[in-house]
Amino acid sequence: MSSSAETIAKEAKAAFSASQMLPTSERILALDAIKAELEAKKDSILAANQEDLKAAQLEVDAGRMSDALLKRLDLGKGDKWDSMLQGISDVASLPDPTGNVSYARELDDGLDLYRVSCPIGVLLVIFEARPEVVVNIAALAIKSGNAAILKGGKESNRTAELLSQAISAGLAKTQLPATYIQTIQTRAEVSSLLALDTYIDLVIPRGSNALVRNIQNNTRIPVMGHADGICSAFLDESADPEKAVKVVLDSKTNYPAACNALETLLVHESLLPTLWPTVARALLAANVHLQCDPPTLAALAALPSPPPNLATHATPATPASFTTEHLSLTLSVRALPSLPAAIAHINAHGSHHTDVIVTEDEESASAFCRGVDSAGVFVNASSRFADGFRYGFGTEVGISTGKMHARGPVGLEGLVTYKYVLKGKGDVVGDYGAGKKAFTHKKIEGAIAPY
C-alpha cells in the first residue's frame, strides 16, 4: 500500500473530525474565498486548460481518445466557466443540510430522541475529463461538512492542479484545515485509497462504465454512482408532434456527450407513417445518425421525398445498439406495439438513469412514471433536465442510479446521513418493562437539533 495514500487518507479523516467542531458559517466563508481565488486565477487556469486540450487533441488524432471525452475537457467553452463559479454561489446560498431534525420523540418524561442530519465523513471522488468537477465537488463537500479527496483524469491534470491550488488558497483563509479538500494524480494512489475503508466513508466515481465497474469490484467502501447513461424516450401514440420534435431534438443534440443525453428512441407502431418521419427529418437535419430497427428504417425508406442524407445517416440497428451509450450524434431507434412494451424495453435495456415519455394521455404518463424503474422519469420534457444545477441543487456531485441513500442527481442532501441523539437524565433500560415504567413515544413538535 502506498504510504503517501495512507497519509492523505489519515489527514482527510483528521480534517473532517476537526471541521465538525467549527461553526457552519465557516463553510460559507470558505466557499466565498475559493470563488474569489478562482476569479483571480482565471487566466492562468484557462491557459492550462488550453494546454490540456492541445495534448488531448493529439490523443484523439491518434485514436486513443474519443471526441466525446475531448468535448468534456474544455473549461472555456460557452458559459462553462461562469456556470462553475455560479455553482459555488448557488451552493453557498442553499440551506445547511446538516443539523436538521427529521424525527423527534419523547420516549418518556425527560428522555428525548432526535434523528439529526450529519455529514458522511471523507469522500473519495474519482472522475474523468471534466475539470470543473473539481470545483463542483469541493463546493458540495464543504457545504455539507464532508472532507474530500479528488482524482481527475490524467487528460485534465494541468487544469485540475491549478483549480486545486486555488481551492487550497481559499481554504487557507479560513479555519478549515488545509487538508479538507485534497487532490491526487495517480492510479496507484487510487488503488491504495480504495483499500482504506478505515478512513474513507464513500467512493463516488464519475466516468465510463469501465471506470465505475472497476471501482465497484475493487473496494469494500460503499460506492455511489452510475456506470452508464442509456436514456430513452418513448413517443406514445397520443404524442403531440411539436412537443415530440422539441423534446427529442433537445435530448439528443443539446450536449450529446452528457450522461443525460438521449441514446434510444422508442416509437409507437401507430406513428410509423405519421409522426416518426417528422421526428426523423428533424434529427437528420441536425446531423444525427440513426440506427434503426427494420420497421422504423422501412418507414423512412418509403418516404416519397427522403432527406438528402438518409442513405448515409439511417442504417440498420444491431442488438448492441440498444445497450450502447453512444455519447455522440448517434441514436438507436425501435418501434414497439404498446406502452407496456416500451416500459419493458427501458427496464431491460436502459441504465436506470433518466427516461422520457411524450404523450398527451394522462393515464399513459402515470403508467410510465410508475412502471419505469429509473432515477428520473420525465413527461414531455427533455432528458437533459436531469442535472443538479437545473434541479436547484446548485451543482451535483454525480448521478446515482442505485436505490440506497441517494438517487438521481446528488446534491447536498445526498451527501449527508443522520445520527440518533438521545438525551436523558440517567435513564436505564432496566427501569422499563412489566410492572415498571412505560414508554410514552410522544411526537415532539417543532424540534430542533439538541446540540
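These figures come from a predicted structure and were not determined experimentally. (Residues numbered from 1 in each chain as written. Predicted model: local features only at pLDDT ≥ 70, side-chain atom pairs only at ≥ 80, totals over all residues. Heavy atoms only, no water.)

Draft legend 1. Inspection of the overall build of the protein at higher detail. Summing up its helical and strand segments, the protein has 16 helices and 17 strands in all. Whereas a compact globule of 451 residues would reach a radius of gyration of roughly 22 Å, the protein reaches 25 Å, a difference of no more than 12%. Taking the principal axes of the C-alpha coordinates as reference, the protein spans close to 85 × 65 × 40 Å. When contacts within the protein are restricted to residue pairs at least 6 apart in sequence, those whose partners lie at least 24 apart make up 75%. When the accessible surface of the protein is split by element, carbon and sulfur atoms take 54% of a total near 19,700 Å². Across the protein, the centroid of the 41 positively charged side chains sits 4 Å from that of the 50 negatively charged ones. (Helix = DSSP H or I, 4+ residues; strand = E, 2+ residues; numbered from the N terminus. Rg over C-alpha atoms; globule rule 2.2 N^0.38 Å. Contact = heavy atoms within 4.5 Å. Areas by Shrake-Rupley, 256 points an atom, 1.4 Å probe, with all protein chains shown as cover. Lys, Arg positive; Asp, Glu negative; His and termini not counted. Charge placed at Lys NZ, Arg CZ, Asp CG, Glu CD.)

Draft legend 2. Main features of the nonpolar core. If you look at the biggest cluster of nonpolar residues, it comprises 66 residues, and the most contacted ones within it are Leu 38, Ile 142, Ile 149, Leu 171, Ile 181 and Leu 193. Here the element with the most residues in this core is helix 6 (residues 132-144); it accounts for nine residues. Contacts of Leu 193, omitting those with residues within four sequence positions, involve Ala 5, Ala 9, Leu 124, Ile 149, Ile 184, Ile 200 and Ile 221. (Core = buried A, V, L, I, M, F, W, Y, C linked by side-chain atoms within 4.5 Å. Buried < 20%, exposed > 50% of the residue type's maximum accessible area, 1.4 Å probe, protein only.)

Draft legend 3. Structural detail: the packing of aromatic side chains. Inspection of every chain in the model, using the stated rule, returns three aromatic pairs. Seen from their ring centres, Tyr 432 and Phe 439 are 4.5 Å apart, and the 0 degrees between their planes marks the pair as stacked. Overall, the relative accessible area of 45% leaves Phe 439 in the partly exposed class. Seen from the ring of Tyr 418, Arg 115 lies directly overhead, with NZ or CZ sitting 5.3 Å from the centre. (Phe/Tyr/Trp six-rings, centres within 6.5 Å; stacked < 30°, edge-to-face > 60°. Lys NZ or Arg CZ within 6 Å of the ring centre and 35° of its normal.)

Draft legend 4. Structural detail: helix 10 (residues 241-253). With 13 residues, helix 10 ought to run about 18 Å at 1.5 Å a step, and its terminal C-alpha atoms sit 18 Å apart, in line with that. Ala 244, Val 247, Val 248, Ser 251 and Lys 252 are the residues of helix 10 that are buried. Along the long axis of helix 10, the arc covered by the buried residues comes to 115 degrees, so they all point the same way. For helix 10, the exposed residues lying more than 90 degrees away from the buried face are Glu 242 and Lys 246. Looking at where helix 10 begins, the residue whose side-chain oxygen comes 3.1 Å from the main-chain nitrogen of Glu 242 is Asp 240. (Expected span 1.5 Å × (residues − 1). Arc of directions from axis to C-beta. Polar contact = N/O pair within 3.5 Å; in protein donor to acceptor, adjacent residues only side chain to side chain.)

Draft legend 5. Expanded view of helix 2 (residues 25-40). Taking 1.5 Å as the rise per residue, helix 2 with 16 residues should run 22 Å; its terminal C-alpha atoms sit 23 Å apart, in good agreement. All of the buried residues along helix 2 are Glu 26, Arg 27, Ala 30, Leu 31, Ala 33, Ile 34, Glu 37 and Leu 38. Within helix 2, the buried residues cover an arc of 165 degrees as seen down the axis, which keeps them to one side. Buried residues belonging to helix 2 abut helix 3 (42-61), helix 5 (80-93), helix 6 and helix 7 (157-171).

Draft legend 6. Region of interest: the sheet that holds strand 16 (residues 416-423). Taken together, the four strands give an open sheet; going across it, the order is 16-2-1-17, and neighbouring strands pair in antiparallel fashion. Where the open sheet ends on each side, the last strands, each with one partner, are strand 16 and strand 17 (442-443). For strand 2 (residues 111-119) and strand 16, the ladder comprises eight bridges, and the chain directions are antiparallel. Bridging across to strand 16, Arg 115 finds its partner in Tyr 420. (Pairing = 2+ DSSP bridges.)

Draft legend 7. Summary view of the packing of helix 2 against helix 6. Helix 6 packs onto helix 2 with a crossing angle of 160 degrees between their chain directions and a minimal axis gap of 8 Å. Considered as vectors, helix 2 and helix 6 are oriented roughly antiparallel to each other. Relative to helix 6, helix 2 is oriented so that their crossing is right-handed. Contacts from Arg 27, Ile 28, Ala 30, Leu 31, Ile 34 and Leu 38 of helix 2 reach helix 6 at Val 135, Ala 139, Ile 142, Lys 143 and Ser 144. Residues of the contact of helix 2 with helix 6, tallied by class, amount to eight nonpolar, one polar and two charged. (Axes fitted to C-alpha atoms, helices over the stretch in contact; angles between N-to-C directions. Parallel < 35°, antiparallel > 145°, perpendicular 65-115°, else oblique. Left-handed = near helix turned anticlockwise from the far one by under 90°. Nonpolar A, V, L, I, M, F, W, Y, C, P; charged D, E, K, R; others polar.)

Draft legend 8. Structural detail: the sheet that holds strand 4 (residues 147-151). Pairing is parallel across the open sheet formed by four strands, whose spatial order is 5-4-3-6. One side of each edge strand has no neighbouring strand; the edge strands of this open sheet are strand 5 (181-184) and strand 6 (202-206). On average, adjacent strands in this sheet sit at an angle of 20 degrees to one another, irrespective of strand direction. Note that strand 3 (residues 122-127) and strand 6 share five bridges and pair parallel. Across the sheet, the residue bridging to Phe 127 is Arg 206, located in strand 6.

Draft legend 9. Region of the structure containing the environment of Ile 45. With respect to the helices, strands and loops of the structure, Ile 45 is situated in helix 3. For the pair formed by Ile 45 and Ala 160, sequence separation is 115 residues and the distance between their alpha carbons is 8.6 Å.

Draft legend 10. Fine view of the environment of Ser 238. The residue Ser 238 is located in the loop between strand 7 (231-235) and helix 10 in this model. Relative accessible area serves as the criterion here: at 26%, Ser 238 is assigned to the partly exposed category. Taking the C-alpha atoms as reference points, Ser 238 and Ile 444, separated by 206 residues in sequence, lie 49 Å from one another. Those residues in contact with Ser 238 that sit more than four places away from it in its chain are Thr 359, Glu 360 and Asp 361. Looking at Ser 238, its side chain comes within polar contact range of the side chain of Thr 359, at 2.8 Å.

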